[in-house]
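# Observations on chain architecture
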Amino acid sequence: MMNRCGLITVQKEPVPLKSIEVELEVRDHVATVVSTLNYQNKEDKAVEAVFVFPLPGDAAVCHFSAVVGQKEIVAEVKEKQEAREEYDDALSSGQQAFLLEESEQSPDIFSMKVGSLAPGESASIRLEYVTELAVQADDGLRFCLPAVLNPRYQPQGSEGASVQVFSVPASLVPYTLCFCGRLFSPRPICKVESSCSLDPLQYLNTDQTQATVKLAAGHKFDRDVEVVIYYKDAHQPTAVVEAGQTSAKTGSLMGDPVVMVSLYPEFPPSVMSSVDSCGEFVFLMDRSGSMGAPLNNKERHQTRISSARDTLLLLLKSLPMGCYFNIYSFGSSFQHIFPQSVEYSQKTIEEALKKVEEMEANLGGTEILEPLKHIYSQRCIPNQPRQLFVFTDGEVGNTKEVLDLVKKNSGSHRCFSFGIGEGASSALINGLAKEGGGHAQFITGTDRMQPKVMQSLRFALQPAVEDISVTWDLPKGVSVTVLSPPITSIFQGQRSLIYGQLTGQTSEATEGSVTVKYSLAGRPSQNQLHFSLKPAEDTGLTVHRLAARTLIRSLEMEDRELRGRQDGGMKEKVVQLSVQSGVSSCFTAFIAVNKTDGKVIQGPLVRRNVPRPRLRAGGGMSRMAMVGAAPASFGMKRMLKGKGRSPKTRSHCLLTDGPISQKAVPQVAVHEGACSSDLIKGEVATAPKRVNRDPFMQLVSLQKASGCWTLDPDLAAALGKSREEVEKSKPATVNSEVWATILALIWLHGFKMDAKEEWELLAMKAASWLRAQNAPCVPECVDAGNALLGCSVQKDALML
């Protein structure tokens, strides 16, 4: 069921939101974001504007205010139902009111209501949040301003209020976006990359530790605003102590100092060079209609699903002998290639790849919960740690239910998640990895999926870190209450964050330390960080708010686990902490009422829904979604006038004058080149023709499960040679498989070094196979292969 209630043509209704201004401030790995939304009512009637929009899933929303005329009204955090009633009462009595609340189904969707804007009146809404920036596999820090809110698929029977989705042409986007950022770092800022056009990076000092970035004019709302920041010397362990709020009670979270510890564990090289040869690898692939969209606007022939197929090929070829695997795919229903995971062999890999090649984006909606339940119901294989890889464009409405299930089963597996395309839910993608003890990656803009996925496979092949414990060494009289959930996974070079509330005082020592101990490949290891207890001077209450957000999320999840088994005490704790810290939660909302104006706004309010950008499967911005929350409450449940059930085909919008029955829409995924009228007529769009594989993917597809290649015409073609040329150049005493494998390795090193991170693991497997053959004349083979292919690759580079 999709959150769609009839798609309509432009209704010529004025939209009161005129512009959005976003200011970003990044200090090391923490971002503070201030968004100002400017509204103006140009109608002759009072209006209520409703705006539904995405935020990062782990954002701590900590300020909401409105400026009307010369007066600023600052919102308070209150229990959600109380805030809604206060908002409704204010509007009923002719007062102005402003309400901001988080979705009950997904923490990355917010609803803002601007009530009783009088004719001709303007209002500026200020929204502020803080968030930690995720560390990318290449050490970049990723900030994402979600500019695209795709409709979220809500499984049948799920609870929640309705969201209506309408569409208007993108050329009529009625508001503008201005984005600028200031960067501050203890280390030089090397570069900033973005999926959008940026003005050149401006440094503010000679040591390049401060800089500004700005979004170039003319943002098209066809993608999220993604900024990746790179520092010199990558990332170092740090600890920041922040003083408590002077007006808050000592002993409370906001009244005491809080420490934020960032650890970047370094594993011994001897451990990192080893690769686990065991494991159960389960791949869960989204095949909903929206996966038929182009991966990006530049390479429109490359759809999300075709890139996912190539990625599965690389993954399967890179798995070690001795492991087990299975592949699931899902939409409105789910499928699996094998009844249960099977041992990795040439036979099983051929059977799997044949099914992968047939995969299309044709399974309807995005019901991820049921396949996850099925995977978790399968018995784990002894001595084969389960590694789950989830690929999705992340458009689900029951995010919290999914994450609760992953956390419940976190002891039996690690979960690696991949968000594909613009608008993928950060709450879902990051949450899957966080609760599943794995790693999250986002594939947006012109990103290739394969290198990011292979990086995660390397993490999965790292020996599991076990017996993790955190100990603190603090001066006498000072104690710490850890606010973060226990650390359940550690990966080389990836950050582990710990928040702690410091209680007590000392007049002597000014330093403390924190030590993380763990077992790696059966050997005890530890990382220790010493830090000053002197509070930082320039952080405001950022660390406190992030700590409060971390604790709130943990308590919310605990509340869902205990629901029905207790008297609601957990909810009361969340509300109390949310109100005390001024950080939003699923049980609270920000409410502001203009009580001192004295003016009473007469007459009935006209409701105006503010449109959101929404991508069609064609990848470009041809439509906008107008999203309005249901008046009573805000949630993500589907609201349809007709009884028909529609799969999630984001490919094209139907244009009509009112609510439509979904029965009229055939249950097919629409591919590039089909027009909306095809759907209206009931014609089934044919799948796009497969593009011929490039030589690299062709070479990869020919590798055997053991790691070797065989000498045949297909290999010769992939190498750009004839079979006769390849056979004629083979040294006489060399086995044909050894010769073929050496040629493949030389070709990879000679022509595809720019994609080394994609083929490195399968090349290691090939080199291991070659070493096991004890083949004579390897140097002679390498020389002959270089001569044939026109390369100059050294034997040592091939790991032989």
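Parameters at a glance
- Residues numbered from 1 in each chain as written.
- Predicted model: local features only at pLDDT ≥ 70, side-chain atom pairs only at ≥ 80, totals over all residues.
- Heavy atoms only, no water.
- Helix = DSSP H or I, 4+ residues; strand = E, 2+ residues; numbered from the N terminus.
- Buried < 20%, exposed > 50% of the residue type's maximum accessible area, 1.4 Å probe, protein only.
- Contact = heavy atoms within 4.5 Å.
- Areas by Shrake-Rupley, 256 points an atom, 1.4 Å probe, with all protein chains shown as cover.
- Pairing = 2+ DSSP bridges.
- Salt bridge = Lys/Arg side-chain N within 4 Å of Asp/Glu carboxyl O.
- Axes fitted to C-alpha atoms, helices over the stretch in contact; angles between N-to-C directions.
- Left-handed = near helix turned anticlockwise from the far one by under 90°.
- Nonpolar A, V, L, I, M, F, W, Y, C, P; charged D, E, K, R; others polar.
- Right-handed = clockwise from strand over helix to strand, strands pointing away.
- Polar contact = N/O pair within 3.5 Å; in protein donor to acceptor, adjacent residues only side chain to side chain.
- Core = buried A, V, L, I, M, F, W, Y, C linked by side-chain atoms within 4.5 Å.
- pLDDT = per-residue confidence, 0-100.
- Parallel < 35°, antiparallel > 145°, perpendicular 65-115°, else oblique.
- Phe/Tyr/Trp six-rings, centres within 6.5 Å; stacked < 30°, edge-to-face > 60°.
- Patch = residues over 30% accessible without salt bridge, like charges linked within 9 Å, V, L, I, M, F, W, Y side chains within 5 Å.
- Lys, Arg positive; Asp, Glu negative; His and termini not counted.
- Charge placed at Lys NZ, Arg CZ, Asp CG, Glu CD.

### Regarding the overall build of the protein
Summing up its helical and strand segments, the protein has 17 helices and 35 strands in all. Here the protein, with 800 residues, has 60% of them falling under the buried criterion. Long-range pairs, those at least 24 residues apart, make up 75% of the contacts in the protein with a sequence separation of at least 6. In the structure as shown, the protein presents an accessible area of about 31,700 Å², 49% of it carried by carbon and sulfur atoms.

### Section: the sheet that holds strand β17 (residues 225–231)
Two modes of strand pairing occur in sheets, parallel and antiparallel, and in both the strands are linked by backbone hydrogen bonds. Spatial strand order, β10-β11-β17-β14: 4 strands in an open sheet with antiparallel pairing. The open sheet is flanked by β10 (134–135) and β14 (189–194), the only strands paired with a single partner. Looking at chain direction, β10 and strand β11 (residues 141–145) are connected through 2 bridges and run antiparallel. Counterpart to V135 in the pairing with β11 is L141.

### Section: the pattern of salt bridges
For the structure on display, the rule yields 24 salt bridges. A salt bridge links K571 to E79, with the shortest nitrogen-to-oxygen separation between them at 3.8 Å. Placement of K571 in helix α10 (residues 569–581) and of E79 in strand β6 (residues 76–79) is noted, with a sequence separation of 492 residues between them. With its nearest N and O atoms 3.1 Å apart, the salt bridge here joins R549 to E132. You can see R549 sitting in helix α9 (residues 542–562) and its partner E132 sitting in strand β9 (residues 122–132), a full 417 residues away along the chain. Since its relative accessible area comes to 6%, R549 is described here as buried. Classification of E132 by relative accessible area gives buried; the value is 12%. Three or more residues joined by partner-sharing salt bridges are found here, namely E102, K400, R553 and E556.

### A few points about the packing of helix α3 (residues 304–318) against helix α8 (residues 449–461)
Closest axis-to-axis distance for the α3/α8 pair is 10 Å, and the angle between their directions is 35°. Read as a crossing pair, α3 and α8 show a hand that is right-handed. Within the contact between the two elements, α3 uses R304, S307, A308, D310, T311, L314, L315 and S318 and α8 uses M449, Q450, V453, M454 and L457. Split into classes, the residues belonging to the contact of α3 with α8 amount to 7 nonpolar, 4 polar and 2 charged.

### Some thoughts on the pairing of strand β25 (residues 413–420)
In the case of a regular strand, side chains alternate between the two sheet surfaces. Buried residues dominate β25, accounting for 8 of its 8 residues. The side-chain alternation of β25 yields two buried faces, one formed by H413, C415, S417 and G419 and the other by R414, F416, F418 and I420. With helix α7 (residues 426–435) bridging β25 and its parallel neighbour strand β26 (residues 440–443), the resulting β-α-β unit is right-handed.

### A short note on the sheet that holds strand β16 (residues 210–214)
Taken together, the 8 strands give an open sheet; going across it, the order is β5-β4-β9-β2-β1-β13-β16-β15, and neighbouring strands pair in mixed fashion. Edge strands, defined here as strands with exactly one partner in the open sheet, are β5 (71–74) and β15 (202–203). As defined by bridge partners, strand β4 (residues 60–68) adjoins β5 across 4 bridges and the pair is classed as antiparallel. Each residue of the ladder has a partner; that of A66, found in β5, is I73. Running at roughly 75° to β9, α9 makes contact with β2 (30–40), β4 and β9 of the sheet.

### Here's the deal with the side chain of T515
By secondary structure assignment, the location of T515 is in strand β30 (residues 511–520). Residue class for T515 comes out buried when judged on its relative accessible area of 7%. Within polar-contact distance, the side chain of T515 engages the side chain of Q528 at 3.0 Å. Apart from the residues lying within four places of it in its own chain, the contact partners of T515 are S469, V470, T471, Q526, N527 and Q528.

### Some words on the nonpolar core
Counting residues in hydrophobic clusters, the biggest one holds 82 residues, and the most contacted among them are F281, F283, F325, F389 and F391. It is helix α15 (residues 736–751) that provides the largest number of residues to this core, a total of 10 residues. In contact with F281, not counting residues within four places along its chain, are L319, P320, C323, Y324, F325, N326, Q387, F389, L457, A460 and L461. Judged by nonpolar contacts, the second largest core, of 54 residues, contains Y39, A66, V135 and A592.

### Describing the confidence of the model for the protein
Detailed conclusions should not be drawn from predicted coordinates in areas where pLDDT is low. Scored by pLDDT, the protein has a mean of 81; 80% of the residues are at 70 or more. Confidence drops under pLDDT 50 across residues 1–12; counting only partners more than four residues distant or on other chains, this segment forms 59 contacts. Scored below 50 in pLDDT, residues 159–170 makes 65 contacts in the model with residues more than four places away or belonging to other chains.

### Focus on the environment of P339
Mapped onto the elements of the fold, P339 is located in the loop between β22 (334–336) and β23 (342–343). By relative accessible area, P339 is classed as exposed at 55%. Distance in space between the C-alpha atoms of P339 and I327 is 10.0 Å, their sequence separation being 12 residues.

### So, the packing of helix α6 (residues 399–408) against α7
For the pair α6 and α7, the least separation of the axes is 9 Å and the interaxial angle reads 15°. Comparing their axes, α7 and α6 come out roughly parallel. Once α6 is placed against α7, the crossing between them reads as right-handed. On the side of α6, the interface is formed by T399, V402, L403, V406 and K407, while α7 contributes A427, L428, G431, L432 and E435.

### Regarding the packing of aromatic side chains
Geometry of an aromatic ring pair is reported as the spacing of the ring centres plus the angle between the planes. Following the criterion strictly, the structure yields 15 aromatic pairs and no others. On the basis of an interplanar angle of 65° and a centroid distance of 6.2 Å, the ring pair of F64 and F590 is categorised as edge-to-face. Here F590 lies in strand β32 (residues 588–594) and F64 lies in strand β4, a separation of 526 residues in the sequence. Accessibility classification places F64 together with F590 in one group, the buried group.

### Describing a negative patch on the surface
A surface patch of like charges, here negative, comprises E82, E85, D88 and D89. Position of E82 among the secondary structure elements: in helix α1 (residues 80–92). With a relative accessible area of 41%, E82 lands in the partly exposed category.

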